[in-house]
Structure formats: C-alpha cells, structure tokens
Protein chains: 4
Amino acid sequence: MSRPRLRDLGITVGRLPTGPHNAITDVPGVRVGQVSVIYDEPMVARTGVTIIAPREGPVSRDRVFAGYHSFNGCGAMTGLLWLEESGQLSSEIALTGTYTVGTVYDALVRAMQEGYGSHLPVVAETYDGFLNEGPAFHVTQEHVLQAISQASDGPVAEGNVGGGTGMKCHDFKGGIGTASRIAPLRCCNFTVGALVQANQGDRIDLMVKGVPVGQEIGPERVPLPQLGPEEQGSSIIVILATDAPLLPFQCRRLAQRAVIGLARTGSYGHNWSGDIFLAFATGNHLTSTTAEPDTVRMLPNSELDPLFLAAGEAVEEAILNALCAAETMTGQKGRVVHALPTDDLLAIMKRYNRL
Amino acid sequence: MSRPRLRDLGITVGRLPTGPHNAITDVPGVRVGQVSVIYDEPMVARTGVTIIAPREGPVSRDRVFAGYHSFNGCGAMTGLLWLEESGQLSSEIALTGTYTVGTVYDALVRAMQEGYGSHLPVVAETYDGFLNEGPAFHVTQEHVLQAISQASDGPVAEGNVGGGTGMKCHDFKGGIGTASRIAPLRCCNFTVGALVQANQGDRIDLMVKGVPVGQEIGPERVPLPQLGPEEQGSSIIVILATDAPLLPFQCRRLAQRAVIGLARTGSYGHNWSGDIFLAFATGNHLTSTTAEPDTVRMLPNSELDPLFLAAGEAVEEAILNALCAAETMTGQKGRVVHALPTDDLLAIMKRYNRL
Amino acid sequence: MSRPRLRDLGITVGRLPTGPHNAITDVPGVRVGQVSVIYDEPMVARTGVTIIAPREGPVSRDRVFAGYHSFNGCGAMTGLLWLEESGQLSSEIALTGTYTVGTVYDALVRAMQEGYGSHLPVVAETYDGFLNEGPAFHVTQEHVLQAISQASDGPVAEGNVGGGTGMKCHDFKGGIGTASRIAPLRCCNFTVGALVQANQGDRIDLMVKGVPVGQEIGPERVPLPQLGPEEQGSSIIVILATDAPLLPFQCRRLAQRAVIGLARTGSYGHNWSGDIFLAFATGNHLTSTTAEPDTVRMLPNSELDPLFLAAGEAVEEAILNALCAAETMTGQKGRVVHALPTDDLLAIMKRYNRL
Amino acid sequence: MSRPRLRDLGITVGRLPTGPHNAITDVPGVRVGQVSVIYDEPMVARTGVTIIAPREGPVSRDRVFAGYHSFNGCGAMTGLLWLEESGQLSSEIALTGTYTVGTVYDALVRAMQEGYGSHLPVVAETYDGFLNEGPAFHVTQEHVLQAISQASDGPVAEGNVGGGTGMKCHDFKGGIGTASRIAPLRCCNFTVGALVQANQGDRIDLMVKGVPVGQEIGPERVPLPQLGPEEQGSSIIVILATDAPLLPFQCRRLAQRAVIGLARTGSYGHNWSGDIFLAFATGNHLTSTTAEPDTVRMLPNSELDPLFLAAGEAVEEAILNALCAAETMTGQKGRVVHALPTDDLLAIMKRYNRL
C-alpha cells in the first residue's frame, strides 16, 4: 500500500489550488512513463528511467517552447545548447541515474525511427550510486523504449520509481515527486505542473513550511545514510510544464522560479549538487518548418506573476511529495536509506501550529 | 530612537553566528556611506544614495573579484558587462532611486579624479516613486561625493536611509538592511556580509521563518499603500561581500544564493521586480597591471558550502532588518507607507512557536 | 563636401543587395537623430549623441522584440537586464561618449514625460577621450532631446557626427557608419540594417575583403595617433534592425552575427574594447498590456540564414563606411586623427585584384 | 601519401609564428588520440572518435581551468553545466559523430575506473550522416578506450580521421584540422593550439584570406554533395588549449575568439550548425581537494590580446588544414564528397596576389 501524499496528511503549502491529479500530467497532453530497474544479481541495481512526454504524440513533430535554468550545475542535462538556441524542446525528456546517461541518450537517438526522441535528446541525471552499484549500465535502451511506450496521463507514481528509484533527499529516501497548481490569470486559468527527481540536501536543512523538520528528526530517531567521500553527490532535476502560451524567454523565467521551491524546503545549492530546471509551455504548436512566419500566442509579461507563484509552490510540494512517497530502501553493501516518518512529521507540524 | 533589529526582538534566522556588527562592514575593509535626501519643497524628495566601498581606499587601485546574478531583471545595475568580462569590480557601488541613476553615474565618473568611482561605474536602483516625487533629480553629484567621503566601517544605519529612504517592502516601509554571518570552513572562518535595498514584494507573501506574517497582519490592521498602475515597481538590490578568496565564477555562485534569502521571506520574483545581486570577494588584491602573471588564492569549490549557506542566511536577515528598522513615512500627495508593527510580529511568532 | 561611401569607390562587400539608402533607416519606421558637440572653449569638445528610434512614434508605446550580445564587455550599454528579461526594447537607443552616459541616461528618463525614453533606458558608449577633453559633460540633456526630435528616416550622416564625433577606428578617424541588406527568404524579402559607432582596432589589423589595408598604409604614410596608457580604450557599438518578425531569442542570434563583420574588418576583441551588439525586430507590435495573450508572428528558425548573412555583411560595410566618411580631426592638445586615405585604399584594392 | 598542409602550399594566415608541430599538441602535456571506424558491412561506417587529453596523465587528477562559448548551438557538447559551474575541465574531451554521443559518453564514464573520463564527461559531435549510415552505433566503447590509450603528443593526423572521418566542410571533404600559434606577451611567450572537427558551411561562402575560393571553384569544377532535407546539418567543434595561466572567465574569453577564425573562412553561423568552442588552460594545476585555499596564477586581463589574436589565427588555419588534408571519400549509397583541389587553390590565391 502506498504512503499518503503531503496533502493527504493535512499539510498544504502555498495558496493556489492544485489540478485534479496534483501532478505534472494535469497539463493537458503531458504524459509520464517510468521503468524501475531493481535486482540484486549480478550487481545490485536500484535505478531506472522516467520519461516526460510533452505531447500526446512525438514532440519532435509538434514542438514546444522551452527554457532552462541551472541553479548549481554539478550534474548533466544534455541537449541544452539546442534548446536554448532554438527556443524549443523537440525531444522527450528522460531522467535517470548518473551512470546511464549515455545509454538513455542512445536510446532516444534510436527512438527517432519511430518519431520519438531526437538527434539532440534531453537526458538528465542525479546520482544514485549510494544504493545502486556502479559504474554499471543497468538501464538498457529497451527500458527507455518501454518507458516511452508506457507513458500516460493521469496519476504519476512517486517515490522509489523510474529515474528516482535509488535517490535520497535530505538524508531520507527520495525519488520522484510531482504536484500542480491552477494559476488564476486575469484572462483565464492556466495549469503549472512540476515533476522532480529529488536527490538533494542534508538532513539538518530540511524544512516544511519553515519548520525545521530535519533538525527535529535527529539521527538517533532515524539514522543518517553513511556516505563515503565519493558519495557526496546530491542533486535535483525539476521539470515544469504549463499550458500557458509562453515564449522561450518566458519559459526560462518560469524555470528559474523552481529555486523558490527548493529554498523553502531547505536547499541552498550545494557545490556537489546538480540543481537543474527545465520548463516547457504547450500553449503553442510548432509543427512545421514552412517558409512562412508562424503565428504564435504570447502572454504579456505583465500577466506572468501567478504562473511564477504557481511554479514555486508546485516545486515545493513536489519535493515534499517525493519525501512522503518514498519508502525505506536497502541497496548495495546492505546500505539503507530510511523513509521520512510521516507520524513524526505530523507531530512536529502540530507543535508549530502548522496543521 | 531607532527601532530594534530582528535579533533584538529575539527572532533568529539560520544557524550560523553573525559578525560583530551583524553588517556588511564585518567584512574587513568594507565601508558604507549614506546620504538621505528628504525635503518637501519645491517637490517632495524621499530618496538618497548609499555607497558600498569594498576597500579602505579606492577600489579602482585595489580591485576585487566579483560576479552577479539577476533573478528578475526589471531594474538597472550599470557596469555589469565589464564586471563580467574582467571578473572584477573596480568601482564603488552606488544604490539610489530609479530617477537618479544617471546623476549618480556621472558623479562616479567625476570621482575618478580622486581615484574613486570608475569609467564604468556600478549604479543600481529600485523604484521610490510612490513616496518620492518624480521624474526629478533630487540626488545631486555632491550627495554622491559626500556619501563616498563619509563611508565608514562599523554599524550601518538601516531603514529609511540613503538609497533606501523612500522604499517599501511587502507593503510595509522598507529600505536599507544589512546582516552578516561567520562561515565555518574546514580551513578557517570567513565572513559573508549582505546589504539590501529592499523595495520588493506584496503583503500577502511576507513570511518570517515560514510563518505567514503578511497574511496575519491584514490591511484592516495596517493599511496597504494605494498603488496606482504606474507604481507596480518592486525590486531588491543585494550586495554580498566576503573576505574569502573567491575567483570571479565563485563570486557569481555566491551572488546566486541571495535568492535563498528572498524565497524564505516570501519573494518569488515578480515580473516588475528588479532582483539583482552582486557579490565581491576581498580576499585577493588586484592592484597592478604588470606584465607578469599575478598570484591569487582560490578556495577549492568543495569548500564553498558554508559560504553559500551564509549568503542565504545573511540576505534573509538583512531583508527582515530593513523591515524592522524602517519607520512609517509620509511622502508626496500625503501618501503613507506604514512600518511593520514589531509588537504584532512578536505576537505572531509566539503563536507559531518560533521565538 | 562629403567623402564617398565604400560602394561609391567601387568596393563591395558581401553578396546581398543593399536597401535604397544602404542605411539602418531602410528598415521601415526606424529613424536616426544626431547632434554633434564641437567647440574649443572652455574645454575642447569633440563628442555628441546619436539616437536610434525603432518606431515612427515612441517605442515605449509600441515596443519591439530585441536581444543583445557582448563580444567583449569593456564598455557600457545600460538597460540590458530588462531588455533580456522582457525580451523587448522599450526605449530609444542613445550612443555617446564614455563621459556622458549618465547625462544621456537622465535625459531619456526625463523624456518619458513626452512618451520617449524609458525608466530603464538604453545608453551605450565608446571612448572619445583622445580627442575630446574630459572627464567633462559636454553633452547636455537638451542635446539628447534635440536629437530625439530631429530623428528622421532617409539617409544617415556618417563619420564625425553625433556619438561618433570624436572616435577613431583602426588608428584612422572613425565614427558613425551604416549599411543595409535585403535578405531573400523563401517567403519574402526582409531588410537588415546596421548602424555602428566605430572606435575599435589597431592599424595593423585593418582588413578590407581580406586585404591587409592597415599594414599597407604604414605610419610613415599616415601617422598613428600617439595614445597614452590611459587612452587604450577602443570599442564598437553595433545596432541591428530588421523588419522580420523575430522573437527575442532570434534577435539575440542576429545580434551575435555582428561579430562576423568585425572579424572581417580585422577585429578580434581587444581586452580594453567594448564590442556590444543590440538587435531589434520591428515585425511585431507590442502595444498593450492587456490581460489576453498577444498574437505575434515568428519566422521559423530554419528560415533565418539569409538574415544572419545579411547582418554580417551590413556590419562589415557599416564599419568601412564609417572609415570612408570620417574626416581628419584635430582635438585636445593639438592631437590629430587622420582620415583613411581613399586613394590609397583604391590603389591597394586594385593591387589585390579586389575592385 | 598525405596531402600538404596549408603552409606547405605557401599560404600563411595571420602574423604570429606557429609552434613546432603547428598543432594543439604544441601546448605541453596536451595529447591527441584518434580511432577511425571505416567499413562497408553490414552498414556503411565512415566515423570515429578523437580524444583530446589536456594532461599527460588523467585530467581528473590534475584538472585544468576551462570555459566555453556557443556561437550557434545546433549541436551537442555534454558536460558544460559542470564545466561552467566549477570553472574546470576534469574529463578528457571526445569528438565523434551525432549518432554515437551516448556510447562515447558511457565509455568515458566507464574509463573512470582507470582514472580517465569523468562522471560528467565532455563529448561533442558534428553530423556525419551524409556519408555514414545511421542511426547506428558504429563507434564502440572499446574504440574510445583505444583512442585514450593511443593519445600522444607530436604531430596530429588531419582530415578523414577520428571523429572527423565522415565530415564535410564548405561542401568539400572536411574533418580534423589543427594549428598553433606562439603568442608574444610582454612577460614571456605562451602557446595557443586549436583542434577542429570541421563540418560546417556552404561552398559559396568559403574564403581563404578574404579570397572567395568557394565561388571560384564552382560545382561544374568540383561537384557539390547532393544533400537531402535531412542532411542540412553542418557544424564545427573547436577545442583551444593554452599553457598560459588563465582563470576560467579568461578561458571563456579565449573560446569566444574562435569565431574570428570561422568568420574569416566564410562562416556566419547557420541555423542548423553547432558551432561550439571550448578552451582550457594548462598553466595551473588543480590537483587536490584540500581544505586550504589553492594558490593559482592569473594573467592580468591587460595582457591577453596576443592570446586572443593567436586563438583567431590558429582556428582559421586549423579549418584550412582540415580542408587541405581531407581526401575525397565515398560513403553510403555511393555518395561522394570531394577534396578541395589544392592546385586550384594555389592558382586562385596567385590570381589575388596572396601567395
């Protein structure tokens, strides 16, 4: 039985309403597919791949405007030079572990034969080498193709799943989390959805609504993972989606707001952290390479504040959803990363009058 | 009699200790000079200029490495192209209101004759046009030269002073604020100091340690300023100083952490906000243009985390210090911006168990 | 009598046709106004201001998409943070000398009362301190307002005029230059216009169509200006305009192509050079801040190559036009900067079979 | 028998002297290893991999400062986020074709077990899909490890070799090219070396010393490759090395000068081109992660001009060396890309008085 999400616990962050699934898939057309790779022989695998597909069909044939921001760049997200130069995302996005970026990249190049992926695919990673044995290539091209073919809308599995399988977050078990917000603009409502692969942070810094939850749950209560010097890696990948008609520079602005959610859960951008954010906007359809000028829609800059607010809130909640969903996991060499104890979380939040 | 600072109220943010003055001047050599320009005839002036001098003498003769980050660029900070290209700051920094950037710029060019300022000076602004009548040029070149000559170390005046005279922040009176942190590195301790000119944000978003203070102090308790459509401007300039021997790219990284302090006080980067951060590092002395390679010191990237943490904490506290220090002010057309009521703040923080 | 332009000499660069005036004003709606400030008492003034107005009326009410690129940032161009954040140019552009940036900035802020200029104006400079006595503020606010009011379409004065009055270029007399190209796209033709304030480069590096003209015209033929250590400044500001419907990131791409024209005339980006390029696109009209999404047009990225080619060619020719137009000038302390001798130029080009 | 290099033909570009091998390996410690993958069954392979090793040993243990610049980003170079954030290059650099980025990436991750490569390797590509059949993964991990182990100093093979095997350049056969310059600084001499994987440009634009060589060698003289709509890809990767003690921001500045060499051979940055430049500086040794500040050397910015000049010249000559060295090649579907005919080149240069 799965663990409750943050809101199921009675904890809300922010002031905007969520979409129906409180997930990135609340943005129409966005789909998520995840394959987890977990086995113990011949090596211990605790890894996987998560695909975010911006469109119902291949995004290479119906591209989206996009932009990115790197808050701290100790990590990889491929394909960004073309994304920035063209203003567009023309590849499905793949999230995986550090060791399997190349394989996933190859798979997305190969997938072009079916219209998916791209010559210049977007593959991002965080480091799962504490639980997951490596360097090794547990994720195969077939896993990636499977994740693409299984991608769907509706609720999104969170925690120990897909690319997030082996991740830790603030010294608890981390992984995939998602959330969404309905942003009330003057003209109409738009949805902003976030999906994170959360592997960042130290216990001491974790906060929920400003409450120092990480300090309140000491190592005597929940043991810390015993990291070696090689395992300092901590990172978070954030994917933001919106159905608002944003231009590329506005997508970049939206991406930059992901840091608000990080800051409010206790991050400050560690040196060894790859805190990389990509935002795409489905409100324009870039389908052709005709010779004629395209007509596209653009929200006036003056209208963007609700979207910016929504992005920060959705990222904050997506991180906390990852922590709530992820279950205790044992990996290589008997190492254990413990789940965030939700009973403790509730008791602490009550003590600070935040329920 | 001046109002208490945040810590005097018994409220602490973050976990690092402060420097002796809890001010940017805790970084050895850094000096601050401020001139406030306040009069009612022939036009209503509620403005001024704040100078941050990185060195005891002219910085043009003993330059510092520097970097910047723009979280949202609806504002001006001149001199950034050369700062980025050269990796260095060779001008005193001036903060003022939107209308007087040009005059202050001219003054810093003129000051070169005494060794101060620069051909390419750094002048930043936030918009004080709600209280301060304009477009008008209340700040003169003489005010700037006076602020340079008065610059000193030691405690820094906060609130309605210098460039911050006419500012508002989260719909309370804002202005200048400062704070510092001692960052414990493995090798030794370094100081990080912040000075802000705080003019950003809406009431509803103000938070202190995660507590929704802005929502708790409604407009029926403290009236909101009645902004016209022309007065949406809201911005914050952050100057960070450290005595750590950082290279330019590391200064940029430090500057980027200012957003952590903004996020934790409720900002998310409004469209009409100029949220611009500059960091300089005094730990290297760039005095000459000899033909020989210079020898400089550089902290390994792996050691930077305490500085990053310190930057976020110092900015957070500097913003709250600006709010605590600023007193209710009446400006043009009888407009009033009210001070944050500290009694209310204390009562609210107690209710959330945060004292 | 004015000197011939490059084409009048029978020298053509590039393979695209020019517009009717071979000037930035060939882009419909673009206007240029220039005021030269030349006197000998009480100080020697050899300076001025050039205004580029993107629209027939104030651009603040009918904004243009824009982008910029800095090839080497030892110079000032104000207003770039907001230009990049908003994707738009909402101020007339002013070019002037290093000492008068602040005054011109103030003038553009004041001009807002008539709808011109901006809170965050765009003012760029190159260093005219070899001929022009300073630090001094020869250009006044009134000069700027005069340049705005005189701005017109049609032919553009080149050489020792406006902001370019006191400039030197490759150790010959430099200043303002302009050129244009008609770019043949598959859908239709668009115009790209360039205006430069040319103050860059050493004699030895000047080339025309690859011919080492600067080396062929030695100091024994035309003396070099005798620069002191304080007068190493050399810079070029490039303004590109097009009527193509480009989005902001495409304007940035266009701006970046200005370097092609610099490279082909012999520049390589000196350390003390401010080589800063701004491009705007008049093909979309951004007039309102309504709540509804705007409809804008966008050229597909695949169609941009002719515009890129046109930008490089127009900048190359604008630089050479500045050199051809500028006449020998005597400035402070009896210093002389000599014009490029066009007879020599023709003889050299003939020797290399390039006429 | 190999074809002559540009200088062997009596054509010199620029005014600085070359290093002993006129190759990137003239920078002490820099090594190059190349494996070409050429076969016809079961698919036609015309591809390979080129390794640039900045140090005699693994660069992960003795890192170099580095920076990059993208002139046009329609291409991939992985690892740039960390390179920019850390200011350092800690991976050998690999150049390959578009289809094999993932495999080469995996190989460099695997090579970490021997100290080579990196968690975040630098892999760049240009598109060889005109001659080379794909999507396919002709380059294997073993090829990469072989190229690393064979890397050596001394002369560097050019033309149809390594990553450059299947490339075309200005509609002639392209590939790998290299060159170097000795830059005379006031303090001492430093070497700048360039290596390019040249796949860029159209015939019509090719110029040598400003001479329109591409226009002079028409398709009736040397046929153009018949590109389909899918084969518009054209790109150039430039790697610059220097033994000067540059800081990261100075490396970025050096990288940006690569565009000078491109411009002078006829490029202007096509939309579908990935023109990506990386520069590293071996003059500092970053070997440890001690807690203490490192001492590093830094050239004053004022001394950089000879290095900037050298970078432009070396890139220009490296591109022309690639064209001179590459031999006519037949690939998939009987497609042929012809070599630049050096006899024609000489005759043309003579006609323009440039020998």
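Structure: see above.
Residues numbered from 1 in each chain as written. Chains lettered and ligands numbered in written order. Predicted model: local features only at pLDDT ≥ 70, side-chain atom pairs only at ≥ 80, totals over all residues. Heavy atoms only, no water.

Enquirer: Can you break down the overall build of chain A residue by residue, with the values?
Expert: Per the secondary structure count, chain A includes eight helices and 15 strands. Computed over the C-alpha atoms, the radius of gyration of chain A is 19 Å, within 12% of the 20 Å expected from 2.2 N^0.38 for a compact globule of 355 residues. On the principal axes, the C-alpha backbone points of chain A span a range of 65 × 50 × 35 Å. Here chain A holds 355 residues, and the buried ones make up 74% of them. Working note: accessible area of chain A is about 9,900 Å², and carbon and sulfur atoms make up 49% of it. The positive charge centre, built from 27 side chains, and the negative charge centre, built from 36, are 6 Å apart in chain A. (Helix = DSSP H or I, 4+ residues; strand = E, 2+ residues; numbered from the N terminus. Rg over C-alpha atoms; globule rule 2.2 N^0.38 Å. Buried < 20%, exposed > 50% of the residue type's maximum accessible area, 1.4 Å probe, protein only. Areas by Shrake-Rupley, 256 points an atom, 1.4 Å probe, with all protein chains shown as cover. Lys, Arg positive; Asp, Glu negative; His and termini not counted. Charge placed at Lys NZ, Arg CZ, Asp CG, Glu CD.)

Enquirer: Break down the state of the cysteines for me, with residues and values.
Expert: Tallying each qualifying case throughout the model produces four disulfides over all chains. There is a disulfide in this structure between Cys187(A) and Cys188(A), and the S-S distance comes to 2.4 Å. Taking the sign of the torsion about the S-S bond as the criterion, the disulfide between Cys187(A) and Cys188(A), at about -40 degrees, is left-handed. A relative accessible area of 27% places Cys188(A) in the partly exposed class. No disulfide involves Cys251(B); its sulfur sits 16 Å from that of Cys187(B), the nearest cysteine. On the basis of relative accessibility, which here comes to 0%, the residue Cys251(B) falls in the buried class. (Disulfide = S-S within 2.5 Å.)

Enquirer: So what's going on with the packing of aromatic side chains? Residues and values would help.
Expert: By the definition in use, this model includes eight aromatic pairs over all chains. Between Arg257(A) and the ring centre of Phe308(A), over which it is positioned, the NZ or CZ distance is 3.8 Å. (Phe/Tyr/Trp six-rings, centres within 6.5 Å; stacked < 30°, edge-to-face > 60°. Lys NZ or Arg CZ within 6 Å of the ring centre and 35° of its normal.)

Enquirer: Describe the relation of the copies chain D and chain B, with residues and values.
Expert: In this arrangement, two copies of a chain are superimposed by a rotation about an axis accompanied by a shift along the axis. It takes a turn of 180 degrees to lay chain D on chain B, together with a shift of 0.0 Å along the axis; the resulting RMSD is 0.0 Å. Both copies of the chain, as the preceding transformation shows, are related through a two-fold rotation axis. Considering only C-alpha atoms, the part of chain D nearest the rotation axis is Val296(D), at 2.7 Å. Both copies present the same face, since 100% of the interface residues in chain D are matched by interface residues at the equivalent positions in chain B. (Least-squares fit on C-alpha atoms with pLDDT ≥ 70 in both. Contact = heavy atoms within 4.5 Å.)

Enquirer: Give me the lowdown on the sheet that holds strand S6 (residues 122–126) of chain D, citing residues and values where you can.
Expert: Residues and elements named next belong to chain D. The four strands are arranged S1-S2-S5-S6 in an open sheet whose pairing can be described as mixed. Strands with a single pairing partner mark the edges of an open sheet, and in this sheet they are strand S1 (31–39) and S6. Between one strand and the next, the sheet's axes are offset by a mean angle of 15 degrees, whatever the strand orientation. In terms of strand pairing, strand S5 (residues 93–97) meets S6 through five bridges, oriented parallel. Paired with Thr 96 across the bridge in S6 is Glu 125. (Pairing = 2+ DSSP bridges. Axes fitted to C-alpha atoms, helices over the stretch in contact; angles between N-to-C directions.)

Enquirer: Now, about the sheet that holds strand S12 (residues 274–286) of chain C: what can you tell me, with residues and values included?
Expert: Residue and element names in this part refer to chain C. Taken in spatial order, the six strands of this open sheet run S4-S3-S12-S11-S10-S9, and their pairing is mixed. Edge positions in the sheet fall to strand S4 (88–89) and strand S9 (175–184), since each has one partner strand and no second. Examined bridge by bridge, strand S10 (residues 189–198) and strand S11 (residues 236–242) share seven bridges and lie antiparallel to one another. Paired with Gln 197 across the bridge in S11 is Ile 237. The strands touched by helix H5 (residues 248–256) are strand S3 (63–73), S11 and S12; relative to S3, the strand with the most contacts, the crossing angle is about 40 degrees.

Enquirer: Tell me about the interface of chain D and chain B, residues and numbers included.
Expert: Opposite the 32 residues of chain D that make contact, chain B presents 32 residues. Both sides of the chain D and chain B interface together cover about 2,500 Å² of buried area, and 57% of this is carbon and sulfur. Contact with chain B buries surface across chain D, with Glu85(D), Pro293(D) and Met298(D) losing the most and accounting together for 22% of the total. Inspection of the chain D/chain B interface yields four salt bridges. A salt bridge links Glu85(B) to Arg252(D), with the shortest nitrogen-to-oxygen separation between them at 3.8 Å. Connecting chain D to chain B are seven residue pairs in polar contact (both at pLDDT 80 or more). Among the elements of the structure, helix H1 (80–86), helix H5 (248–256) and strand S13 (294–298) of chain D are those that each provide at least two residues to the side of chain D that touches chain B. Within the side of chain D that touches chain B, the residues separate by chemical class into 14 nonpolar, eight polar and 10 charged. Looking at chain direction, strand S13 (residues 294–298) of chain B and S13(D) are connected through five bridges and run antiparallel. The partner of Met298(B) across the bridge, within S13(D), is Asp294(D). (Buried area = accessible area lost by both parts, 1.4 Å probe. Salt bridge = Lys/Arg side-chain N within 4 Å of Asp/Glu carboxyl O. Polar contact = N/O pair within 3.5 Å; in protein donor to acceptor, adjacent residues only side chain to side chain. Nonpolar A, V, L, I, M, F, W, Y, C, P; charged D, E, K, R; others polar.)

Enquirer: Could you give an account of the relation of the copies chain B and chain A, with specific residues and numbers?
Expert: Expressed as a screw transformation, the operator carrying chain B onto chain A has a rotation angle of 180 degrees and an axial translation of 0.0 Å, and the superposed copies differ by an RMSD of 0.0 Å. When the interface residues of chain B are mapped onto chain A, 100% of them are again interface residues, pointing to one common binding face.

Enquirer: How would you summarise the nonpolar core if you had to cite specific residues and measurements?
Expert: Counting 268 residues, the largest nonpolar core has Leu307(A), Leu307(B), Leu307(C) and Leu307(D) as the members making the most contacts within it. Leu307(C) has contacts with Ala183(C), Leu185(C), Phe190(C), Val192(C), Thr242(C), Ala244(C), Leu246(C), Leu254(C) and Leu299(C), leaving out every residue within four places of it along the chain. (Core = buried A, V, L, I, M, F, W, Y, C linked by side-chain atoms within 4.5 Å.)

Enquirer: Give me the lowdown on the interface of chain B and chain A, citing residues and values where you can.
Expert: Across the contact, 36 residues belong to chain B and 36 residues belong to chain A. Counting the surface lost from both chain B and chain A, the interface buries some 3,000 Å², and carbon and sulfur atoms represent 49% of this. Summed over the three residues of chain B that lose the most area to chain A, namely Arg264(B), Tyr268(B) and Asn271(B), the buried surface amounts to 21% of that side. Across the contact surface, chain B and chain A share two salt bridges. Two residues, Asp205(B) and Arg15(A), come together in a salt bridge whose shortest N-O distance is 2.5 Å. Where chain B packs against chain A, one counts 30 residue pairs in polar contact (both at pLDDT 80 or more). Within the residue set of the side of chain B that touches chain A, elements represented by two or more residues are strand S3 (63–73), helix H5 (248–256), helix H6 (258–264) and helix H7 (305–325) of chain B. Among the residues making up the side of chain B that touches chain A, the classes are represented as 13 nonpolar, 14 polar and nine charged.

Enquirer: Tell me about the environment of Gly164(A), residues and numbers included.
Expert: Residues and elements named next belong to chain A. Mapped onto the elements of the fold, Gly 164 is located in the loop between helix H3 (141–150) and strand S7 (168–169). For Gly 164, a relative accessible area of 0% gives the class buried. Each C-alpha atom, one on Gly 164 and one on Gly 97, is 7.9 Å from the other, the two residues being 67 residues apart in sequence. In this view, Gly 164 contacts Thr 50, Gly 159, Lys 173, Gly 174, Gly 175, Ile 176 and Gln 197; residues no more than four positions away in its chain are not counted.

Enquirer: Can you tell me about the packing of helix H2 (residues 101–110) of chain A against helix H2 (residues 101–110) of chain D, naming the residues and giving the values?
Expert: Two elements in contact, H2(A) and H2(D), have axes separated by 7 Å at closest approach and are oriented at 170 degrees. Classed by the angle they form, the pair H2(A) and H2(D) counts as roughly antiparallel. For the pair H2(A) and H2(D), the contacting residues are Val101(A), Gly102(A), Thr103(A), Tyr105(A) and Asp106(A) in the first and Val101(D), Gly102(D), Thr103(D), Tyr105(D) and Asp106(D) in the second. When grouped by side-chain class, the residues that make up the contact of H2(A) with H2(D) number four nonpolar, four polar and two charged. (Parallel < 35°, antiparallel > 145°, perpendicular 65-115°, else oblique.)

Enquirer: How would you explain unusual backbone geometry if you had to name every residue and give the values?
Expert: Pro42(A) follows Glu41(A) through a cis peptide bond whose omega is 0 degrees. Even without being glycine, His170(A) reaches a positive phi, approximately 50 degrees. Given the relative accessible area of 0%, His170(A) is considered buried. Even without glycine at this site, Asn22(B) takes up a positive phi of about 50 degrees. Counting through the fold element by element, Asn22(B) comes out in the segment before strand S1 (31–39). Judged by its relative accessible area of 7%, Asn22(B) falls in the buried class.

Enquirer: Before we move on, can you summarise the pattern of salt bridges with the specific residues and values?
Expert: Counting across every chain of the model gives 52 salt bridges over all chains. A single network of salt bridges, built from pairs that share partners, joins Arg7(A), Arg181(A), Glu313(A) and Glu317(A).

Enquirer: How would you sum up the side chain of Gln141(B)? Please name residues and give values.
Expert: Note that Gln141(B) resides in helix H3 (residues 141–150). Given a relative accessible area of 14%, Gln141(B) falls into the buried group. A distance of 3.1 Å separates a polar atom in the side chain of Gln141(B) from a polar atom in the side chain of Arg110(B). Discounting residues that sit within four places of it in the chain, Gln141(B) has contacts with Thr103(B), Asp106(B), Ala107(B), Arg110(B) and Phe137(C).

Enquirer: Any details on the pairing of S12(C)? Residues and values, ideally.
Expert: Residues and elements named next belong to chain C. Counting buried positions along S12 yields 12 of 13 residues, so the element is predominantly enclosed. Here S3 runs beside S12; their pairing, made up of nine bridges, is antiparallel. Across the sheet, the residue bridging to Gly 73 is Gly 274, located in S12. Across seven bridges, S11 lies against S12 in parallel orientation. Residue pairing for S12: Val 238 is matched across the bridge by Phe 277.

In short, geometric facts, not functional conclusions.
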